[in-house]
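Here's the letter readout for the chains.
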Amino acid sequence: MRITKLLLALLIAMFFITSCGKKDDTREIIDRSGRAVIIKGNSFNRIISTAPSNTEIIADLGQAHRLIAIDVHSANISALPPGLTLLDFFYPDAEVIVTLEPDLIIASGHNPTGTGEDPFKLLTDMGISVVYISMSKSVEEIYNDITFVADLLQVKKEGEDLIASTRTQVSQIADNISRLTSHYEKRPSVYFELSAPPYMMAFGKDSYIDDMITIIGARNIFADEDWLVMPSAEAVIERNPDIILTNVNYIENPVAEIKDRLGFNHINAVINNRIYEIDNDSSSRPSARVLLALRQMAEAVYPELGTQ
């Protein structure tokens, strides 16, 4: 441990020495977590992304070539250059990061949750630019995340194009559903499960998943709850959803597991065999790639869409 601390101290000292001769071009910005942060420089070519949603935004802006390291959960993202250093999501190795000499770290609002502290504070104190993007509360906020990253990387046009394309496709999905459901007496109710028992989890209001359920003309059964919900089985049974959607991918057959839960045989979704799997990556990463999940959700709730 003592050797590790000495090595880190040496790396920090070397970082400061190599930085002394560089022009001091600093500015203050407000990041997506609402914090005022100091940014050094205007051109970033050695970027570390610590969350898959951020990595997807960078890649979809055509800027993946600027990445030098990503978190381990970003490893399966398409359009990334080979050989990128992989970092732990909750416990990023400061020594490794310092040796990579990044000029920008785009972090997630969830990175600190593993330790309860900011894992990048030491790096910020060293003068490395670190910005945070919090979990989006809506699809519109995803657009704002894209704008923020595009402006930061000075690719404003690419950001505008990505947002325009995504917005158009979202509108097309919503319009198709609106025409299809114009005669519906009520909106179908949906339970979207993020985690299976014993730690059941879902999103409530002020979340992009709740917003996506609204976009497809359905009603989230936990829309009256705040953000992240950990419901009991009894709560799901009582609210009796018409459709159950799940992006759980760590058990062999999540649909069968839901059907077999005690008491769930009384739920309309189970009675009518309306349980569907949604792609985990696209539904759990707030980037433009939520489009895949949105289409799957729409087709699950309205099978008639596939015949149009």
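Rules used throughout
- Residues numbered from 1 in each chain as written.
- Predicted model: local features only at pLDDT ≥ 70, side-chain atom pairs only at ≥ 80, totals over all residues.
- Heavy atoms only, no water.
- Helix = DSSP H or I, 4+ residues; strand = E, 2+ residues; numbered from the N terminus.
- Buried < 20%, exposed > 50% of the residue type's maximum accessible area, 1.4 Å probe, protein only.
- Areas by Shrake-Rupley, 256 points an atom, 1.4 Å probe, with all protein chains shown as cover.
- Pairing = 2+ DSSP bridges.
- Core = buried A, V, L, I, M, F, W, Y, C linked by side-chain atoms within 4.5 Å.
- Contact = heavy atoms within 4.5 Å.
- Polar contact = N/O pair within 3.5 Å; in protein donor to acceptor, adjacent residues only side chain to side chain.

Engineer: Help me out: how do you make sense of the overall build of the chain in this one?
Structural biologist: Looking only at helices and strands, one finds 12 helices and 13 strands in the chain. Burial analysis of the chain (308 residues in total) assigns 48% to the buried set. Working note: accessible area of the chain is about 15,200 Å², and carbon and sulfur atoms make up 52% of it.

Engineer: Looking at this model, I keep getting lost on the pairing of strand β1 (residues 26-30). Mind explaining?
Structural biologist: Two faces make up the sheet, and in a regular strand the side chains alternate between them. The sheet contact formed by β1 and strand β2 (residues 36-40) spans 5 bridges and is antiparallel. By the bridge assignment, Thr26 is partnered in β2 with Lys40. Counted along the chain from β1 to the antiparallel partner β2, the turn is 5 residues long, and its residue Gly34 has a positive phi close to 90°.

Engineer: In this structure, what is going on with unusual backbone geometry? I would like to understand it.
Structural biologist: Trans peptide bonds make up the majority, and among non-glycine residues the majority have a negative phi. Here the amide bond leading from Pro197 into Pro198 is cis, since omega sits at 10°, within 30 degrees of zero. Following the sequence through the fold, Pro198 ends up in the loop between β8 (189-195) and β9 (201-203). In the Ramachandran plot, Glu101 falls in the positive-phi region, its phi being about 55° despite a non-glycine side chain. One can find Glu101 in the loop between α3 (94-100) and β6 (104-108).

Engineer: Looking at this structure, I do not really get the nonpolar core. What am I missing?
Structural biologist: In a soluble, globular protein the nonpolar side chains are often hidden away together inside. Ranked by internal contacts, the top residues of the largest apolar core, which has 60 residues, are Leu104, Val131, Val149 and Met212. Apart from residues no more than four positions distant in its own chain, Val131 is found in contact with Ile29, Asp31, Val37, Ile39, Leu104, Ile105, Ile106, Ala107, Phe148 and Leu152.

Engineer: Whenever I open this one, the side chain of Ser283 confuses me. Can you help?
Structural biologist: With respect to the secondary-structure elements, Ser283 resides in helix α11 (residues 280-284). One polar contact links the side chain of Ser283 to the main-chain carbonyl oxygen of Asp279, over a distance of 2.7 Å. Among residues more than four places away in sequence, those in contact with Ser283 are Phe192, Tyr208, Ile209, Asn247, Ile278 and Ala293.

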